[in-house]
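Listed here are the chains, written in short residue letters.
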Amino acid sequence: MKAAWITTALLALHSLSAARDWTQPTLAERAAEAAGRSPWESAFWIGLGLAGTLAAMTLLGLSLVYAERKIAARFQCRLGPTRVGWRGTLQTLADTFKLISKADLVPRDADRLLFFTAPWLVVSGMLLALVNIPASPLLFVVDLNIGLLFISAVGALSVLGILLGGWASNNKWSLLGSMRAGAQIISYELSLTLSLLVIVLFTGSLSLGEIVQSQQEGWWLWRGHLPAMVAFLVFVIASTAELNRTPFDLAEGESELTAGFHTEYSGLRFALFYLAEFLNMFIAAGLAATLFLGGWMPLHIAGLQTFNRVMDFIPPLVWFGLKTGGLIFVFMWLRWTFPRLRIDQLLKLEWRFLLPLSMVNLLVAALVLLLGVYGKGGPA
Amino acid sequence: MSFFPVGIQHWLLLCLALFSFGLYGLLTRRSAMGLLLAIEIMVNSAAVLVVALIHLLHPGKLDGQLSALFFIALAAAEVVLALGIYVPLARSRPSGDVTQLNDLRG
Amino acid sequence: MRPSDPFFYLFALLALGLARACVCSQHLLRATLYLAGVLFCGAAFYVILDAEFLAGIQLLVYIGGISVLLIFAIMLTRGPDLLKDRPSPLRRNLALALSLSFMGLCSFLVLRTDWPAALPAEPHENPVRDMGVRLLNPGEGGLLLPFEVISVLLLCVAIAAIYLARPGSGEERPLS
Amino acid sequence: MTPKTLTLQDLLRTDFAPGGGTQEYFVNMGPQHPATHGVLRLLLKLDGETLRQVIPVLGYIHRGIEKICEHQTYRQIVHLSDRLDYLSALANNWCVTRVVERAAGIETNERIETIRTLMAELERLQSHTLWWGVFGMDLGAFTPFLHGFRDREELTQIFEDTIGARLTMNYIQPGGLLHDLHKDFAPRVRAWLKDFGTKVDEYDRMLSGNLIAQKRLVDIGALSGDEALGLGATGPVLRASGVPWDLRRVRPYGVYDQLDFVVPVGEKGDCWDRYWVRIEEMRQSLALCETLIENIPEGKTMLVKPAAKIRLPEGTFYEELETPRGIFGVHLHSRGKDMPWRFHFRSPNLHNLWCITKIAPGARVADIVAMLAGLDLIVPDMDR
């Protein structure tokens, strides 16, 4: 019986990985292709992309919150959710229903229009970025030729949402929190973008699909030598700051600002902020995995043919999931280990350390590219 | 001129309308901030106009996009400088009303 | 009718509505949000005009940079008097007349002009790369000089802004 | 000319002048705020993120305990003293007991004194453990909070076996102890102490050595020894400022005179010194408990008939001792009845709180949270 199960599972896995063609068209390309034939077919692909993104968003949000709670519990010598569903897996779903059914409170003197708009701005920014993440050749909604630029551009929508939400709440703690968030995100955006540019320099493309393709011979983390490694570190630090997670969670530091910009939010709108926070973490981790760790490309080591064949057997979605999951775990690990920085220390870290470092790093990357010493060595 | 297909005239009229809104704002606003917002609308409509004209008259030529890039950079510089003046100004006096800024007069 | 045409009308209506709200709103912070909306529509126009890179830059610079800066500046400066901006009826009517006549005159010219047909398309395999090459090309058709000039300008602006807004500048050089 | 009394309204004036370039504003930290650990209200005068002034506003949990004491018998007062600083309930009990015993002339035996000392030291450990967890949480690290509570929980269960209560102990009574030790007490305490020795090292690894934590603590909120004395600060706050004043050493009570321990003293009096002093006190208390648990003499644990009414002679009596947070004093004025005529508590937290007004100006909003955490305040003890 067991053997039958294993055989079936292996066959299914194999059919998935065998179906892999690394130049598969994305959903958007399918839609465009279909538009030439019939509008219905085009609408089908567009609808599939939208529905898939929304479903993935919900599922990811729920599972990430669950993972955070379980991992935090392990760090803190406790169990985490255990009651609802198998090992508490449905706990977050139950909490979501609770949040949705809660009374919708708006502070008396709040600016209602901005107060209502802010969470949607944050979520829309997140959603626009999410469609660009290449989870696997099959699960890739759009491959914009300016993908990377687009992702960092729509990230701005969430800054706008956070700033306006904090201001509109008419609460001084919220305002302080949103000012902190604004200053922090604008500052760290610089070194984040500079670290992305290193990879753009190596690949010569902004399209995430092409960036993944370019790592067929090896991940940029290894092939890019020192600059790529530094860029990876800077990216992880700066995106932790962009995500407002500990040790950079000053915008919502609960012991200082009660809850920062979302102090006055409750119910569904709070849930939106919360969802956006977790999905932005997924986007950051997915982006890091795509840029530096080869995206859905399997791990290959040059010269080990059998090993590489075995690695090829694992479907790309699993590879992407493993890499992204590992990075998400790192984010959570940081969060449950470190205390919080102070605002001036935070800005000092960026302007006096990370920004000069990433600028020099970009120059070194250009030098590496000019001398042509990249592209050799390391696990491919 | 019909609604479809969208041609040069449609784009020109759209940008003109946007520009006129900006002009209206420029003439009615009293606060420095409001003026800045109006100017941004005007600059943006001009940039769209340039891109649209080049795109529709000479498709594939990149000059429109390149000049729009310069537009964007200049607008960014202008806003940064304007805010650099505005913030100390608004802090040192009761409001950001430009009609009250007549200290250099006589 | 091209597939992008309905989108043109959609975003044109949106942009016009938001622009009107932006110049008429008495609440400066809301006006800034409307401005962000207008700029977002601008990015949409660029996409319709096949300039995706420009759309990305528009989002990054305008929404991510300028709108956030504007909101920051409004938050940093105090006072409810800043947030209300109500023009007098005379001023409003004059402005309306002036901008409408400008609009009318220019529309008249636009509609009267015979616009030439489009030239044959110049194909680009990778427009972003070609733009980059143009920007850094010192030779024929190259834009290296303006590019360098604007880089220097941006640097000057950054330094000037820091100088103007540095703490204590208000006391040392009173504007009155 | 009448002396001018400053009201809250006077303090609430902002020094804003047009053309000044900066703008000050007020923010209420509390009475409901996570960093104040209770209903304490701090009015912060801020300029951006920089603090200009801190005005503590008390009275949100005032229960009139001193007034209630005037209508309670001396045994009942012990019970009320639990409700002041609930993390040092045993020390508070002991202080009330000592003043009553001295006034009534009750002599206790060696066993009672040893158990009292042991319990007080165990409670110091319990209190500091909780403080450490909350301290981490205030700095933004949530994990220490649960680790601290985990270690405190076991000790609380040990207390529960013998005393029957987890927080409001009411254990040290005039004339002895409420109950004798539980039969499992000694082995469980030994096991816990053995375990806890490794835990303190774990605390060091988790928070003390963290670069961010050090950046947040070192040179923040420095309080000189003179200032600390002037403000009436006691306990770890005073010792962190370099004043080696520990009543267990300078005026020994219980069996402290037979014990050997070091009083940790800081240098600069900043948040880091306050942190370090408490961590070091944990190590010292650990050693003390290990000695005490092995040396509990035999004897009776209650020397007065529990039902007997205690009637004190006329006079004024004062006793003080060292709780985990500083000097706790009881001032008792008796007119010969079985109830006091006036009963006054000198609570350490009220005086320690006032240090914040000295050290906070010029710091950031985040620093005030670190300072409050370093002062280790218990709000019901201030308001009484």
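As the structure is a prediction and not an experimental result, all values here were calculated from the model.

Section: the overall build of chain B
Thought 1: Assigned secondary structure in chain B consists of 3 helices and 0 strands.
Thought 2: Within chain B, contacts between residues at least 6 apart in sequence are counted, and of these 55% link residues at least 24 apart.
Thought 3: As presented, chain B carries roughly 3900 Å² of accessible surface, and 70% of it is formed by carbon and sulfur atoms.

Here we look at the nonpolar core
Thought 1: Core analysis: the biggest nonpolar cluster contains 180 residues, and Leu148, Leu291 and Phe292 of chain A, Trp11 of chain B together with Phe45, Tyr46 and Leu70 of chain C have the highest contact counts within it.
Thought 2: Two domains each donate at least three residues to this core, and these are domain 1 (1-84) and domain 2 (128-169) of chain C.
Thought 3: When residues no more than four places from it in sequence are discounted, the contact partners of Leu148 of chain A are Leu196, Val200, Leu206, Leu208, Ile211, Leu287 and Leu291 of chain A.
Thought 4: Ranked by size, the runner-up nonpolar core spans 110 residues in total, among them Ala35, Ala91, Ala103 and Leu353 of chain D.

Observations regarding the environment of Ala75 of chain B
Thought 1: Following the sequence through the fold, Ala75 of chain B ends up in helix H3 (residues 63-92).
Thought 2: Beyond its immediate stretch of four places on either side in the chain, Ala75 of chain B contacts Glu40 and Val43 of chain B together with Tyr62 and Ile66 of chain C.

Some points on the sheet that holds strand E1 (residues 24-29) of chain D
Residue and element names in this part refer to chain D.
Thought 1: With respect to topology, 3 strands assemble into an open sheet ordered E1-E2-E3, the strand pairing being antiparallel. The outermost strands of the open sheet, each flanked by one partner alone, are E1 and strand E3 (50-57). For this sheet, the mean angle separating the axes of adjacent strands, direction not counted, is 20°.
Thought 2: Against the sheet, helix H14 (residues 365-375) contacts E1, strand E2 (41-47) and E3, and its axis sits at roughly 150° relative to E2.

Some points on the interface of chain A and chain D
Thought 1: Taken together, the 25 residues of chain A in the interface contact 34 residues of chain D.
Thought 2: Both faces combined, the contact of chain A with chain D buries some 2500 Å², and carbon together with sulfur accounts for 60% of it.
Thought 3: Among the residues of chain A in contact with chain D, Trp173, Pro339 and Arg342 of chain A are the three that bury the most area, contributing 24% of the side total.
Thought 4: Summed over the shared surface of chain A and chain D, the number is 1 salt bridge.
Thought 5: Put simply, Arg342 of chain A and Asp367 of chain D hold a salt bridge, and the shortest N to O gap is 2.9 Å.
Thought 6: Where chain A touches chain D, the interface holds 9 residue pairs in polar contact (both at pLDDT 80 or more).
Thought 7: Only helix H7 (172-203), helix H11 (254-257) and helix H15 (343-371) of chain A provide two or more residues apiece to the side of chain A that touches chain D.
Thought 8: A per-class count over the side of chain A that touches chain D returns 11 nonpolar, 6 polar and 8 charged.

A look at the pairing of E3 of chain D
Thought 1: The buried fraction of E3 of chain D is high, at 6 of 8 residues.
Thought 2: Between E2 of chain D and E3 of chain D, which pair antiparallel and follow one another directly, the connecting turn spans 2 residues, one of which, Gly48 of chain D, has a positive phi of 65°.

Concerning the pattern of salt bridges
Any two side chains of opposite charge can pair, on the condition that their charged atoms come close.
All names here are of chain D.
Thought 1: Overall, the coordinates contain 40 salt bridges over all chains when judged by the stated rule.
Thought 2: Across the pair Glu101 and Arg116 runs a salt bridge, and its minimum N-O distance is 2.8 Å. Pair noted here: Glu101 is in helix H4 (residues 89-104) and Arg116 is in helix H5 (residues 110-138), with a separation of 15 residues, a long-range link. For the pair shown, Glu101 and Arg116 are each scored as buried.
Thought 3: Taking the shortest distance from any N to any O, the salt bridge between Glu153 and Arg166 comes out at 3.0 Å. Separated by 13 residues along the polypeptide, Glu153 in helix H6 (residues 143-163) and Arg166 in the loop between H6 and strand E4 (172-173) bring together distant segments of the chain.
Thought 4: Among the charged side chains, a network of salt bridges with common partners joins Glu121, Arg124, Arg239, Asp246, Arg248, Glu281 and Glu322.

Observations concerning the packing of aromatic side chains
Thought 1: In the structure shown here, the tally under the stated rule is 31 aromatic pairs over all chains.
Thought 2: With a centroid separation of 5.9 Å and 40° between ring planes, the pair formed by Phe329 of chain A and Trp333 of chain A is classed as tilted. Of this pair, Phe329 of chain A and Trp333 of chain A both sit in helix H14 (residues 316-335), 4 residues apart, roughly one helical turn.
Thought 3: Residue Phe329 of chain A is classed as partly exposed on the basis of its relative accessible area of 35%.
Thought 4: When the ring of Trp132 of chain D is compared with that of Tyr203 of chain D, the centres are 3.9 Å apart and the planes differ by 10°; the resulting orientation is stacked. Of this pair, Trp132 of chain D sits in helix H5 while Tyr203 of chain D is found in helix H7 (residues 185-208), placing the two residues 71 residues apart along the sequence.

Remarks on the confidence of the model for chain D
All names here are of chain D.
Thought 1: A residue-level look at chain D finds 94% of positions with pLDDT of 70 or above and a mean pLDDT of 85.
Thought 2: Here residues 16-21 is a poorly scored stretch, pLDDT under 50, and it has 11 contacts once near neighbours within four places are set aside; other chains count.
Thought 3: If you check the scores for this complex, the pTM reads 0.83 and the ipTM reads 0.79.

Observations concerning the sheet that holds strand E8 (residues 342-346) of chain D
Residue and element names in this part refer to chain D.
Thought 1: Judged by pairing direction, the sheet is antiparallel, and its 3 strands sit side by side in the order E6-E7-E8 without closing on themselves. Among the strands making up the open sheet, the edge pair consists of strand E6 (315-323) and E8. Strand-to-strand twist across the sheet, computed as the mean angle between neighbouring axes with direction ignored, equals 10°.
Thought 2: In this sheet, E8 lies alongside strand E7 (residues 326-334) in antiparallel orientation, the contact comprising 5 bridges. Bridged to His333 within E8 is Arg342.
Thought 3: Each of E6, E7 and E8 touches H4; the most contacted strand, E6, lies at about 150° to it.

Looking at the state of the cysteines
Cysteine pairs can be linked by a disulfide, which is a covalent bond between their two sulfur atoms.
Residues and elements named next belong to chain D.
Thought 1: If you walk through the whole model with that rule in mind, you get 0 disulfides over all chains.
Thought 2: No disulfide involves Cys69; its sulfur sits 12 Å from the nearest other cysteine sulfur, which is in Cys95.
Thought 3: By relative accessible area, Cys69 is classed as buried at 0%.

Things to note about helix H3 (residues 52-76) of chain C
An α-helical segment advances 3.6 residues per turn. Residues three or four places apart therefore align on the same side.
Thought 1: Spanning 25 residues, H3 of chain C covers 34 Å between terminal C-alpha atoms, matching the ideal 36 Å at 1.5 Å per step.
Thought 2: Its axis deflected by about 25° at Tyr62 of chain C, H3 of chain C carries its strongest bend there.

A word on a nonpolar patch on the surface
Residues and elements named next belong to chain A.
Thought 1: The grouping of Val84, Leu90, Leu93, Phe97, Ile100, Trp120 and Leu268 at the surface amounts to a nonpolar patch, some 650 Å² of accessible area in total.
Thought 2: Per-element tally for the nonpolar patch: the top contributor is helix H4 (residues 91-100), with 3 residues.
Thought 3: Among the secondary structure elements, Trp120 is positioned in helix H5 (residues 112-130).

Re the interface of chain C and chain B
Thought 1: If you look at the interface, chain C gives 87 residues, while chain B gives 79 residues.
Thought 2: Buried area between chain C and chain B, both sides added, is near 7600 Å², and the carbon and sulfur share of it is 76%.
Thought 3: At the junction of chain C with chain B, the criterion picks out 1 salt bridge.
Thought 4: Notably, a salt bridge pairs Arg134 of chain C with Asp63 of chain B, separated by 3.2 Å at the nearest N-O pair.
Thought 5: Our enumeration of links across chain C and chain B arrives at 9 residue pairs in polar contact (both at pLDDT 80 or more).
Thought 6: Of all the secondary structure elements, the ones that give two or more residues to the side of chain C that touches chain B are helix H1 (5-24), helix H2 (28-48), H3, helix H4 (89-112), helix H5 (127-135) and helix H6 (144-165) of chain C.
Thought 7: Along the lines of polarity and charge, the residues of the side of chain C that touches chain B split into 64 nonpolar, 11 polar and 12 charged.

Thresholds applied
- Residues numbered from 1 in each chain as written.
- Chains lettered and ligands numbered in written order.
- Predicted model: local features only at pLDDT ≥ 70, side-chain atom pairs only at ≥ 80, totals over all residues.
- Heavy atoms only, no water.
- Helix = DSSP H or I, 4+ residues; strand = E, 2+ residues; numbered from the N terminus.
- Contact = heavy atoms within 4.5 Å.
- Areas by Shrake-Rupley, 256 points an atom, 1.4 Å probe, with all protein chains shown as cover.
- Core = buried A, V, L, I, M, F, W, Y, C linked by side-chain atoms within 4.5 Å.
- Buried < 20%, exposed > 50% of the residue type's maximum accessible area, 1.4 Å probe, protein only.
- Domains from an automatic or database assignment.
- Pairing = 2+ DSSP bridges.
- Axes fitted to C-alpha atoms, helices over the stretch in contact; angles between N-to-C directions.
- Buried area = accessible area lost by both parts, 1.4 Å probe.
- Salt bridge = Lys/Arg side-chain N within 4 Å of Asp/Glu carboxyl O.
- Polar contact = N/O pair within 3.5 Å; in protein donor to acceptor, adjacent residues only side chain to side chain.
- Nonpolar A, V, L, I, M, F, W, Y, C, P; charged D, E, K, R; others polar.
- Phe/Tyr/Trp six-rings, centres within 6.5 Å; stacked < 30°, edge-to-face > 60°.
- pLDDT = per-residue confidence, 0-100.
- Disulfide = S-S within 2.5 Å.
- Expected span 1.5 Å × (residues − 1).
- Bend = angle between axes of the 7 residues up to and from the residue.
- Patch = residues over 30% accessible without salt bridge, like charges linked within 9 Å, V, L, I, M, F, W, Y side chains within 5 Å.

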